[in-house]
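One letter stands for each residue in the lines below.
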Amino acid sequence: MNVPWLTLVIVIPVGAALLLQVVPRNLTAAVKGVTLLATAAVAVIVGVLVAMLPHTVGSDQPLTFHYEETHAWIPGIGASYHLGLDGLSAWLLALNAGVFLLGALAVSRRSTERLRFYCTLLLLTEAATAGVLLAADLLLFYLFWEGMLVPLYFLLSNYGGEKRGPATLKFILYTVAGSLLMLLSIIWLYVNSGARSFDLETLITSSGPAQAVIVIPGIHVPTFTPQELVFIGFALAFAIKLPLVPFHTWLPDLYEACPPAALVFFAGIVSKLGAYGFIRFGLTLFPEPVNHFKWFLAGVAVLSIIYGALMALSERDIKRIVAYASISHLGFVALGIFSLTQNGVNGSIIQMINHGIIISALFLIVGFIEARTGTRDRRQIAGLERRMPWLYAFFLVATLAALGMPGMNGFVGEFTIMLGAFQLNWVYAVLAGGGVVLACWYMLRLHQGLMHGPPAALVERVRDIRMGEGLLLAPLAALMIFLGVYPRPVGDLARPAVTQYVARATGTPVLPAVYS
Amino acid sequence: MLAQAVPIVPLVTPSAKDLLGLLPELILGGGFVVLMLLDLVVPARRRAWLAAFAFLFIAASFGACMWGWFDSGSGRALYFGSIAYDKYAMFINAVLLISAALVVIISPQYLNRRGLHYGEYYALILAATTGMMLLAGAMSLMVIFLAIELLSVSLYILSGFSRHEERSQEAALKYLLLGGFASGFLLFGMALVYGETGHTQLQQIEAALRVSTNVDPLLLAGVILIFIGLAFKASLVPFHTWTPDVYQGAPTSVTTFMSVATKVAAFAVMVRVFTYTFPAVYAHWQAIVFLVAIASMLVGNIAALTQTSVKRMLAYSGIAQAGYILIGVAVSPSEPLGTIGVLYYLAAYAVTNIGAFAVITVMAGRGEDLDSYAGLRGLAYRRPYVAAAMGLFLLSLGGFPPTAGFFGKFFVFAAAIKSGQTSLALWGIATSAVSVFYYLRVALLMYQRPAADQPEYQWSRSTFGGSAVLLATTAGTLVLGILVTLVYSAAAAAQGALLPVAAG
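Note that the structure is predicted; figures quoted are calculated from it, not measured.

Turning next to the overall build of chain A. When you go through chain A residue by residue, the secondary structure sums to 22 helices and two strands. Principal-axis analysis of the C-alpha atoms places the extent of chain A at approximately 70 × 55 × 45 Å. A total of 516 residues make up chain A; the buried ones form 64% of that total. Within chain A, residue pairs in contact and separated by at least 24 positions form 81% of the contacts whose partners lie at least 6 positions apart. As displayed, chain A offers around 17600 Å² of accessible surface, 67% of which is attributable to carbon and sulfur atoms. Considering chain A, the positive charge centre built from 30 side chains and the negative charge centre built from 25 side chains are found 10 Å apart.

All right, on to the packing of aromatic side chains then. Per the counting criterion, the structure on display carries 49 aromatic pairs over all chains. Aromatic pair A:Phe231 and A:Phe293: ring centres 6.1 Å apart, planes at 15 degrees, arrangement stacked. On the criterion of sequence distance, the pair formed by A:Phe231 in helix α10 (residues 226–241) and A:Phe293 in helix α14 (residues 287–314) is long-range, its members being 62 residues apart. Between the aromatic rings of B:Tyr118 and B:Phe161, the centroid separation amounts to 5.8 Å while the plane-to-plane angle is 65 degrees, which identifies the pairing as edge-to-face. Of this pair, B:Tyr118 sits in the loop between α4 (87–114) and α5 (120–137) while B:Phe161 sits in the loop between α6 (141–159) and α7 (166–197), and the two are 43 residues apart along the sequence. The exposure class of B:Tyr118 is partly exposed, given its relative accessible area of 22%. Counting every residue linked through ring pairs, the aromatic cluster contains A:Trp73, A:Tyr142, A:Tyr190, A:Phe198, B:Tyr344, B:Phe406, B:Phe407, B:Phe410, B:Phe411 and B:Tyr488. A cation over an aromatic ring shows up here: A:Lys241 above the ring of A:Trp145, its NZ or CZ 4.6 Å from the ring centre. Above the face of the B:Tyr118 ring, B:Arg163 is positioned so that its terminal group lies 3.9 Å from the ring centre.

What follows concerns helix α22 (residues 488–506) of chain A. Residues and elements named next belong to chain A. Here α22 is 19 residues long and its end C-alpha atoms lie 25 Å apart, about the 27 Å a rise of 1.5 Å per residue gives. At Arg-495, α22 shows its maximal kink, close to 40 degrees; a proline, Pro-496, follows between one and four residues later. Looking one or two residues beyond α22, the residue adopting positive phi is Gly-507, at roughly 70 degrees.

Turning our attention to the pattern of salt bridges. Any two side chains of opposite charge can pair, so long as their charged atoms come close to each other. Under the defined criterion, the tally for this structure stands at 23 salt bridges over all chains. A:Arg320 is the partner of A:Glu315 in a salt bridge, and the nearest nitrogen-oxygen pair spans 3.3 Å. A relative accessible area of 14% places A:Arg320 in the buried class. Two residues, B:Asp39 and B:Arg47, come together in a salt bridge whose shortest N-O distance is 3.6 Å. Taken as a pair, B:Asp39 and B:Arg47 share a single burial class, namely buried. Linked by salt bridges that have partners in common, A:Lys163, A:Lys170, A:Asp253, A:Glu256, A:Glu315, A:Asp317, A:Arg320, A:Glu370 and A:Arg376 make up one network.

What follows concerns unusual backbone geometry. Here the bond from A:Val245 into A:Pro246 is cis, since omega is 10 degrees, no more than 30 degrees from zero. Relative to the helices and strands, A:Pro246 is located in the loop between α10 and α11 (250–257). Cis geometry is found at the peptide bond from B:Val237 to B:Pro238, where omega equals 5 degrees. Relative to the helices and strands, B:Pro238 resides in the loop between α9 (217–233) and α10 (242–249). Phi is positive for A:Leu340, which is not a glycine, with a value near 55 degrees. Tracing the chain through its elements places A:Leu340 in the loop between α15 (318–338) and α16 (342–373). Not every positive phi belongs to a glycine, and B:Ser235 is a case in point at roughly 50 degrees. Along the chain, B:Ser235 falls in the loop between α9 and α10.

Right, let's talk about the packing of α16(A) against α22(A) for a bit. All names here are of chain A. The geometry of α16 relative to α22 is characterised by a closest axis approach of 9 Å and an angle of 135 degrees between their N-to-C directions. On the basis of the axis angle, α16 is oblique to α22. Relative to α22, the crossing made by α16 is right-handed. Across the interface between the two elements, Gln-342, Val-345, Asn-346, Ile-349, Ile-350 and Ile-353 of α16 pack against Val-490, Gly-491, Ala-494, Arg-495, Val-498, Thr-499 and Val-502 of α22. Its residues assigned to classes, the contact of α16 with α22 shows eight nonpolar, four polar and one charged.

Before going further, it helps to spend a moment on the environment of A:Ala503. Residues and elements named next belong to chain A. Positionally, Ala-503 belongs in helix α22. Under the relative-accessibility criterion, Ala-503 is labelled partly exposed at 33%. Between the C-alpha atoms of Ala-503 and Thr-375, which are 128 residues apart in sequence, the distance is 50 Å.

What follows covers α5(B). Along its 18 residues, α5(B) runs 26 Å from first to last C-alpha, staying within 8% of the 26 Å computed at 1.5 Å per residue. Among the 18 residues that make up α5(B), 17 are buried, leaving the element largely enclosed by the rest of the structure.

Turning our eyes to something else, we now look at the environment of B:Thr275. All names here are of chain B. With respect to the secondary-structure elements, Thr-275 resides in helix α11 (residues 252–275). On a C-alpha basis, the gap between Thr-275 and Pro-333 in space is 5.0 Å, while along the polypeptide they are 58 residues apart. Apart from residues no more than four positions distant in its own chain, Thr-275 is found in contact with Met-270, Trp-285, Val-329, Pro-333 and Thr-339.

Residue and element names in this part refer to chain A. The element strand β2 (residues 79–85) is extensively covered by neighbouring structure, given that six of its seven residues are classed as buried. As defined by bridge partners, strand β1 (residues 66–74) adjoins β2 across six bridges and the pair is classed as antiparallel. Opposite Ala-72, over in β2, you have Ser-80 as the bridge partner. A loop of four residues connects β1 with β2, the two strands running antiparallel in sequence, and Gly-78 in this loop sits at a positive phi of about 75 degrees.

Attention shifts here to a nonpolar patch on the surface. Residues and elements named next belong to chain A. Side chains of Phe-422, Trp-426, Val-427, Val-430 and Leu-431 sit close together on the surface and give an oily, nonpolar patch of about 510 Å² of accessible area. The leading source of residues in the nonpolar patch is helix α20 (residues 426–451), at four residues. Position of Val-427 among the secondary structure elements: in helix α20.

Each partner contributes to the interface: chain A provides 39 residues, whereas chain B provides 37 residues. A buried area of about 3400 Å², summed over both sides, lies between chain A and chain B, and 79% of it is on carbon and sulfur atoms. Connecting chain A to chain B are four residue pairs in polar contact (both at pLDDT 80 or more). Taken together, the elements giving at least two residues each to the side of chain A that touches chain B come down to β1, α4 (115–134), α5 (138–147), α6 (149–158) and α7 (164–193) of chain A. Sort the elements by how many residues they give to the side of chain A that touches chain B and α7(A) lands first, with 12 residues. Its residues placed into classes, the side of chain A that touches chain B shows 28 nonpolar, five polar and six charged.

The rules behind these values
- Residues numbered from 1 in each chain as written.
- Chains lettered and ligands numbered in written order.
- Predicted model: local features only at pLDDT ≥ 70, side-chain atom pairs only at ≥ 80, totals over all residues.
- Heavy atoms only, no water.
- Helix = DSSP H or I, 4+ residues; strand = E, 2+ residues; numbered from the N terminus.
- Buried < 20%, exposed > 50% of the residue type's maximum accessible area, 1.4 Å probe, protein only.
- Contact = heavy atoms within 4.5 Å.
- Areas by Shrake-Rupley, 256 points an atom, 1.4 Å probe, with all protein chains shown as cover.
- Lys, Arg positive; Asp, Glu negative; His and termini not counted.
- Charge placed at Lys NZ, Arg CZ, Asp CG, Glu CD.
- Phe/Tyr/Trp six-rings, centres within 6.5 Å; stacked < 30°, edge-to-face > 60°.
- Lys NZ or Arg CZ within 6 Å of the ring centre and 35° of its normal.
- Expected span 1.5 Å × (residues − 1).
- Bend = angle between axes of the 7 residues up to and from the residue.
- Salt bridge = Lys/Arg side-chain N within 4 Å of Asp/Glu carboxyl O.
- Axes fitted to C-alpha atoms, helices over the stretch in contact; angles between N-to-C directions.
- Parallel < 35°, antiparallel > 145°, perpendicular 65-115°, else oblique.
- Left-handed = near helix turned anticlockwise from the far one by under 90°.
- Nonpolar A, V, L, I, M, F, W, Y, C, P; charged D, E, K, R; others polar.
- Pairing = 2+ DSSP bridges.
- Patch = residues over 30% accessible without salt bridge, like charges linked within 9 Å, V, L, I, M, F, W, Y side chains within 5 Å.
- Buried area = accessible area lost by both parts, 1.4 Å probe.
- Polar contact = N/O pair within 3.5 Å; in protein donor to acceptor, adjacent residues only side chain to side chain.

As structure tokens, then:
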């Protein structure tokens, strides 16, 4: 029997969310059980799919999808229900399944009121983000991309800190403005492709978008071709989601207001989707505009790296420090993509996975510290090492991974990206290297400040993390070390797909990969 | 051009086939008479029976519509070209009848609670719906005018239905006076068009315009005046000023009906008249429709930002939605996606907006409307399902996938880009982003805990009928947002068989 595995990845969370509505609200154990079961089932399916994913790419198609499912959706306008998994999305899908499983584990009755509603939203978010990663049809992709905001909106506006209202609104307005421009661009592509289809593969191969020089009436911007304008529409949506400086201002506010349990999957996967969109759609649909803008875009990425790092240095709120560190790390991801080299893009994918693991762990740790000390001001906390030896150990691993210590997973991605950046231009690599130095500075200062020295007054009665909390952090820490010494699984799976993407974007034989 | 001599049509009685083509309207018109008589015998306590009868008539009419959908084939004109019997009219009729049915189901509970349960309510709803259905099929300027008057007069009465409430009376008077003006504009425009072309029937007007080479300013004046008359009914800027006051003042169940059905009927006739009868002078009316669309999107969305009454917010949101729908009219008449977009948007708007108003109607407490934002605060804690449904409707109005509203917007924007009017789509996008703010503000409010010192609004318990309507509109909002092809293919078929063009 031909099982629609990819559909199951989307449908299981939705089904579980519907099932939760008939579970009595007070039975928190049952609510949590259903949520855990659904996320675990998805994780198992995704794990098997990724493990069995063929490493081959077809030479005759622009992209190579596996486990493909295609059904007519709106035949009248050529939109189809087309799902597919390839080397680019495979590990991201695994990360997606992982962070949501972790998110389901992290939620507890004590920390979250109205647990059933929370779990429903968590499951719906998982379905939407999985859909974003699997959709191979532009309209379907947009449906998931924008639909993702619905559960996220309710999640953020209902749970979280005191400033959640304005922060949520800022996030939604930013992303909606970006996505609506992307919608315009999608429609423009559809209208002008000649293929009258929203299918990604069809749009890439149809001669339309590559050559069409149709002036958009009403817009007379002489310096841009229509295709470049359309790319800008996509790029803005992805740059806001990623986020790249100067579209980043929603992120620190939102991360500050977001409940720690939700940050695990919010910071873990949602921000990666912007980078994923750049690779999946930017590189394939707009090879010329990407090439045209790559100097500028790589410059913006470097700016994000430096700016994020400097802001992390200047903050006192530990949650905001990690948020700015996240901006800095995602700048690396963007730099790798826009270097348009095989190393760079491959490094970006590795960095996305690694960053997802590191940032989830860091936010969990920050959440534990805040719950115990009641503050997020880094100057009021000191000497946690003695009170919380287990947390200290995990935090040390995460800190070293975050600052890119060789032997930890953060190093692999950053190093590969730097190679790509060098192939683009050595200036970018040197500037990005400055970001790594700054990362050492703010991460070590944070770690030392919180952990060492005589215990501060707030720390006197603090207890170490419980067994359950440690079990959340342990797999993350293990992965940080494992992927640091043996990063091949991620790199190998992604490389064939990356070769395809980069060849399409540059239109030239790709430079040989240095990293292997 | 000079008025040609009008050939004298020999007076013959229309055939039985013509009569059969009007079956949906006839059933509903008959229902109006029967309900007026029934009201005399049904005891005052049992007025809910009238609702049941009204529902039966609507259901029968809907059945006739379904039969007409298949029977009409590629469409033909009835009564010597005065009425269109085509899939387009049947599509609109179906939307109107479903809207009317949903309103009739939620009405008894609301009217009882407000002490407004008078028998003629249902008869008037049927009369207004009959007028709207006639409007959807109208192919002669005379029928258009008669149908508009039939629906308007019924709505004037309905909006003043709360007899002891000043605000309702004010609403009725305002609607009546401004509506009278609008009818005047419409009639004057029709007279000018008749004077220029010598015809009242759309088929012949279209043919006359097609062959004429020069365009007379008086003809254009007539076209513009007709547009003004219809724009008033569709509450487009700058003919929208009555909308917030009337929507707020009228009983909520009436507002539910009015906000959806009037707009559907007005746009139905606007498409038939402008896109398919006046395409020859498209270059001349395009700019005005274009500007009105942009003005409606801007004014509606910006004014809605500052509202603190749910009904007024939805009124301004309705003005903005009308602006989006008008995009489908403003695009080139040769672009079928424009009309398909209008049809899809109307269906999506109908389910969503009825759903949103139905929440306000169903939750209304005894003797007072649920109107202020404060009344919705904390709804999610007490009525989680109703709040979730309302949240879905607000998201649909804001155009979030996977809901109906997204695809309504998607199709009209696609039509605009396809016919080279990207700036219209850009305006639509920019204002949509603004609209998200006020829709989500209300959604957020429902999920906020009520303040400790704040008296909670006494929400009513939802009855079986109310729950059924909320369930149906929720399902409809999701179906139109996911299983798009169901309604899309119907809309495409309706566009393909649209008179007067299809008949040639």
